[in-house]
Amino acid sequence: MACAPLLLENFIYKKRNFVYAFVRHRLFVLCKQSLIRVQSAEGIKRVEISPKSNLKQFYDSVQNALKVDGFGLFLERNFATELQASGSQLVGSTLKHGDMVYLKQIAGTSSRRASTTAMETVTFNAAAKQSIEKISNIRPSSNVIEDEVDQQLFKSDGTIKRDRDTKLCHHNANGRCVHCSPLEPYDENYLKEHNIKHLSFHSYLRKQTSGMDHGKYFVFDDINCRIKPGCREHPPWPKGICSKCQPSAITLNRQTYRHVDNVMFENTKIVERFLNYWRTTGHQRMGYLYGTYEQHTDVPLGIRAKVAAIYEPPQESSRDSINICPDEGADDVEAVASALGLKKIGWIFTDLITKDATAGTVKQIRGIETHFLTAQECITAGELQNRHPNPCKYATNGNFGSKFVTICVTGDSTHQVHMEGYAVSAQCMALVRDNCLIPTKDAPELGYVRESTDKQYVPDVFYKEKDQYGNEVQRLARPLPVEYLLVDVPASTPLQPQYTFTEYDKRQAFPIENRYIDGHLQDFNALSSYLSAWANEEFLEAISDFHLLIYLYKMDMLPLRQHMGPLLEAVRSKNPNKAADFKGDEVWKLLESLVQASSSGSGGTTSYPSGAAANAGSAGADPMDLDANTWTCNHCTFINRGELTSCEICSLPR
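Procedures and definitions
- Residues numbered from 1 in each chain as written.
- Predicted model: local features only at pLDDT ≥ 70, side-chain atom pairs only at ≥ 80, totals over all residues.
- Heavy atoms only, no water.
- Helix = DSSP H or I, 4+ residues; strand = E, 2+ residues; numbered from the N terminus.
- Buried < 20%, exposed > 50% of the residue type's maximum accessible area, 1.4 Å probe, protein only.
- Contact = heavy atoms within 4.5 Å.
- Pairing = 2+ DSSP bridges.
- Axes fitted to C-alpha atoms, helices over the stretch in contact; angles between N-to-C directions.
- Parallel < 35°, antiparallel > 145°, perpendicular 65-115°, else oblique.
- Left-handed = near helix turned anticlockwise from the far one by under 90°.
- Arc of directions from axis to C-beta.
- Core = buried A, V, L, I, M, F, W, Y, C linked by side-chain atoms within 4.5 Å.
- Phe/Tyr/Trp six-rings, centres within 6.5 Å; stacked < 30°, edge-to-face > 60°.
- Salt bridge = Lys/Arg side-chain N within 4 Å of Asp/Glu carboxyl O.
- Polar contact = N/O pair within 3.5 Å; in protein donor to acceptor, adjacent residues only side chain to side chain.
- Expected span 1.5 Å × (residues − 1).
- Bend = angle between axes of the 7 residues up to and from the residue.

> Is there a simple way to think about the overall build of the chain in this case?
Scanning the chain from terminus to terminus reveals 19 helices and 26 strands. Burial statistics for the chain: of 654 residues in total, 42% are counted as buried. Of the contacts made within the chain by residues no fewer than 6 positions apart, 65% connect residues no fewer than 24 positions apart.

Right, here's the structure in full:
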């Protein structure tokens, strides 16, 4: 009998014993403590807390135990029902001993989201809780405002309709079979038959969200090439790094989808006006594309970028290079474009070298044997795409990829001028954003991934290719063929030209901005000559020029930007009545009087007295007017040289 207590003790406290688990559970209950399991990306952590504590204290306990910031706690694995950090709701009313909650990292620096702290005193009834759970079960975020074309494609059916096959279909007109039922927009056989190389972005979304779960757990994760900040396990880089904060290695894959499936210039004159600079000077040129996005019917759920105008920013160019200068008027251009319903959708540049000037041919510089885009151009495209991200409801940060396109005007195999369109992949955008990709010195077709330094850690980047034996091998991206970063986008013009702005037939177009060569300058004389060539009833057609509207908006001599709202709306809606109303405003009449004075002065019908004659007729003239080689502008009072017929400052006539 002496050994009976010892046997009972061994029976009770033996590991993995039912009685042991029961006794352990009763001890936690007697001690008034609950054991809650918290599952995160690092594993499962047990947190002890009193059932009488509130949920806000539970959040603090989890933060202290896991050493994390910016998180939320959820009851389900799919993060459907979130535990609100309420100071009035007790842990015991929501969680029992042994329950598991799921932790999800949320962007921000606070210990929990603002939405959880702002609802401490708010109570919800059962119906409100059910509606919140239904909304949270939907994967797309309702807070992200996508582009209008994305919203239209998201609502569309997207399936590929097929007619009834007279040979294979044996059912009636209302029936369907495998030979005539609609196809999904990502059907591989259909894409091969119609020579469609890449999936459209929305077809790719439909493919990822198809199946039994309907993409319940599908999300676009942001590609990160930087060390996660705030790790407390070790000193900061370069003194320490761990698997929690170290970015993963990247294997480059050819992107199977593209955000824009076609680039269409409304008419050939848009590109011809852009190429006139190269034809005049022999120097290369760069410009930004302004237009709209619309549905592209040739590709299932496709998107087409329609270009209406090209804006040329300040730049310094030569035969072999282009240097983009800071643009002080960029905000004004964006304001005019936005009022016209346009947005910046891409950029265009030339790479042309004349082969035979008499025949009008150019050299073929780019191709499959050399390169399509240089590494520096890929980096520039990635930087511009990062500046113009694509809003996406399926992205963790609200943006994924970009609809910003790249157009290169170069020579083809027949030595004619043609356009090639491209976009860089999301992986390239991440490498450029985190400053990991640089060009090589002597090979334009090769990029180079930086090596880690004391100031920056760079993850390993790999790509796959076939060796001489046909085996697929993995290589380090030092150097890197830029073809792995490119997605080609067809560029074309329609058979029937379209015109958002004026269709110039015989009249001279208004000069394009930032061209500092003879015959291409934007000044008041150019404005006067341009407006004088149009009749009064042609005012809307005359004013419908993108470059003219930008010049008027930025003109300092006569501040028009405060009054140009109705004019821009008239151009956007092509409403001649609104344009006529603006033409009758006082500010435009003042501009017309200046134009009329400039036209009469330049035509020689009106004589203007010289400085000496003016001094003889006016005793109170400026003493400097006594010099016959100078004259004073009546508009801005600037003293000009005598041989000039217009003012150097305001460009108004003498």
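> Please explain the sheet that holds strand β20 (residues 461–466) as it appears in this structure.
Strands belonging to one sheet form pairs held by backbone hydrogen bonds; the direction of such a pair is parallel or antiparallel. Spatial strand order, β6-β20-β21: 3 strands in an open sheet with mixed pairing. Each of the sheet's edge strands pairs with one partner strand only, and the pair in question is β6 (250–252) and β21 (472–476). Sheet twist, expressed as the mean angle between neighbouring strand axes with direction ignored, is 35°. Bridge count between β20 and β21: 5 bridges; the pairing is antiparallel. Bridge pairing in β21 links Lys464 to Gln474. Along the sheet, helix α12 (residues 426–433) contacts β6 and β20; its crossing angle with β6, the most-contacted strand, is approximately 130°.

> What's the story with the packing of helix α10 (residues 330–339) against helix α15 (residues 546–554) in this structure? I'm lost.
Each pair of packed helices can be described by the angle between their axes along with the distance between the axes. Following both chains from N to C, one finds α10 and α15 inclined at 125°, their axes separated by 10 Å at the closest point. If you check the angle between α10 and α15, you find them oblique. Classified by chirality, the crossing of α15 by α10 is right-handed. Contacts between α10 and α15 involve Asp332, Val333, Ala335, Val336 and Ala337 from the first element and Phe546, Leu549, Ile550, Tyr553 and Lys554 from the second.

> Which parts of the structure should I look at to understand helix α6 (residues 148–155)?
In an α-helix, one turn spans 3.6 residues, which is why side chains three or four residues apart end up on the same side. Burial in α6 covers these residues: Val149, Asp150 and Leu153. For α6, the buried positions fall inside an angular range of 100° around the axis, keeping them on one side. Along α6, the residues that are exposed and aim more than 90 degrees away from the buried face are Glu148 and Lys155. Buried residues along α6 sit in contact with α8 (201–208), β9 (286–296) and β10 (302–311).

> Explain the sheet that holds strand β18 (residues 437–439) to me, please; I cannot follow it from the model alone.
Spatial strand order, β18-β19-β22: 3 strands in an open sheet with antiparallel pairing. Of all strands in the sheet, those with a lone pairing partner are β18 and β22 (480–481), marking the two edges. Bridge count between strand β19 (residues 446–449) and β22: 2 bridges; the pairing is antiparallel. Counterpart to Gly447 in the pairing with β22 is Leu480. Sheet contacts for helix α11 (residues 375–387): β18 and β19; angle to β18, the most-contacted strand, approximately 140°.

> Any chance you could explain the nonpolar core here in plain terms?
Ranked by internal contacts, the top residues of the largest apolar core, which has 83 residues, are Leu527, Ile543, Phe546, Leu552 and Leu591. When residues in this core are grouped by element, the largest group, 7 residues, is from α15. Excluding anything up to four places from it in sequence, Ile543 contacts Leu548, Leu549, Leu552, Leu567, Val571 and Trp588. If you look at the next biggest cluster of nonpolar residues, it comprises 27 residues, including Ile270, Leu275, Val409 and Ala423.

> Help me understand the pairing of β10, please; the structure alone is not making it clear to me.
A regular strand carries its side chains on alternate faces of the sheet. Extensive coverage of β10 is indicated by the burial of 10 of its 10 residues. Pairing of strand β8 (residues 262–265) with β10, which is carried by 4 bridges, proceeds in the parallel orientation. In the strand pairing of β10, Phe265 is matched with Val307. The pairing of β9 with β10 spans 9 bridges and is antiparallel. Directly across from Tyr293, in β10, lies its bridge partner Ala305.

> When you look at the packing of aromatic side chains in this model, what are you seeing that I'm missing?
Each aromatic ring pair is characterised by the separation of its centres together with the angle its planes make. Enumeration according to the criterion identifies 22 aromatic pairs in this entry. Measuring from ring centre to ring centre gives 6.5 Å for Phe201 and Phe400, while their planes differ by 20°; the resulting arrangement is stacked. Placement of the pair is Phe201 in helix α8 and Phe400 in the loop between α11 and β16 (405–411), with a sequence separation of 199 residues. Of the two residues, Phe201 and Phe400, both sit in the buried class.

> Could you clarify how one ought to interpret the pairing of β16 in this entry?
With 7 of its 7 residues buried, β16 lies for the most part within the structure. Here β16 shows no split at all, with Val405, Ile407, Val409 and Gly411 on one side and Thr406, Cys408 and Thr410 on the other all buried. Pairing geometry for strand β13 (residues 343–350) and β16, over 5 bridges, is parallel. Across the sheet, residue Gly346 finds its bridge partner in β16, namely Val405. Relative to strand β17 (residues 417–424), β16 is paired through 6 bridges, and the arrangement is antiparallel. Paired with Val409 across the strands is Met419, a residue of β17. Following β16, the chain reverses through 5 residues before pairing antiparallel with β17; His415 in that reversal takes a positive phi of roughly 65°.

> Whenever I open this one, the pattern of salt bridges confuses me. Can you help?
Charged atoms that come close allow side chains of opposite charge to pair. As enumerated under the stated definition, the model contains 25 salt bridges in all. Note that Arg258 and Asp261 form a salt bridge whose closest N and O atoms lie 3.4 Å from each other. As far as the burial class goes, Arg258 and Asp261 line up, both buried. Arg366 is paired through a salt bridge with Glu377; the nearest N and O atoms lie 2.7 Å apart. Taken as a pair, Arg366 in the loop between β15 (361–362) and α11 and Glu377 in helix α11 lie far apart in primary sequence, 11 residues in all. Judged by relative accessible area, Arg366 falls into the buried class, the value being 3%. Residue classification places Glu377 among the buried positions, given a relative accessible area of 14%. Put simply, Asp147, Asp150, Lys343 and Lys403 are held in one network by salt bridges that share partners.

> Just checking my understanding: could you explain the side chain of His234 for this structure?
Within the fold, His234 resides in the loop between α8 and β6. Within the structure, the side chain of His234 is placed 3.4 Å from the backbone oxygen of Gly240, a separation counted as a polar contact. Within polar-contact distance, the side chain of His234 engages the backbone nitrogen of Cys242 at 3.4 Å. With near-sequence residues (within four places) excluded, His234 lies in contact with Gly240, Ile241, Cys242 and Cys245.

> Looking at this structure, I do not really get helix α9 (residues 268–281). What am I missing?
A rise of 1.5 Å per residue sets the reference length of α9, with its 14 residues, at 20 Å; its end C-alpha atoms lie 21 Å apart and thus fit the reference within 8%. Taking the largest bend as the criterion, α9 deviates by roughly 30°, centred on Leu275. Residues of α9 that are buried: Ile270, Val271, Arg273, Phe274, Leu275, Tyr277 and Trp278. The N-cap residue of α9 is Asn267: its side-chain oxygen and the backbone nitrogen of Lys269 are 3.2 Å apart.

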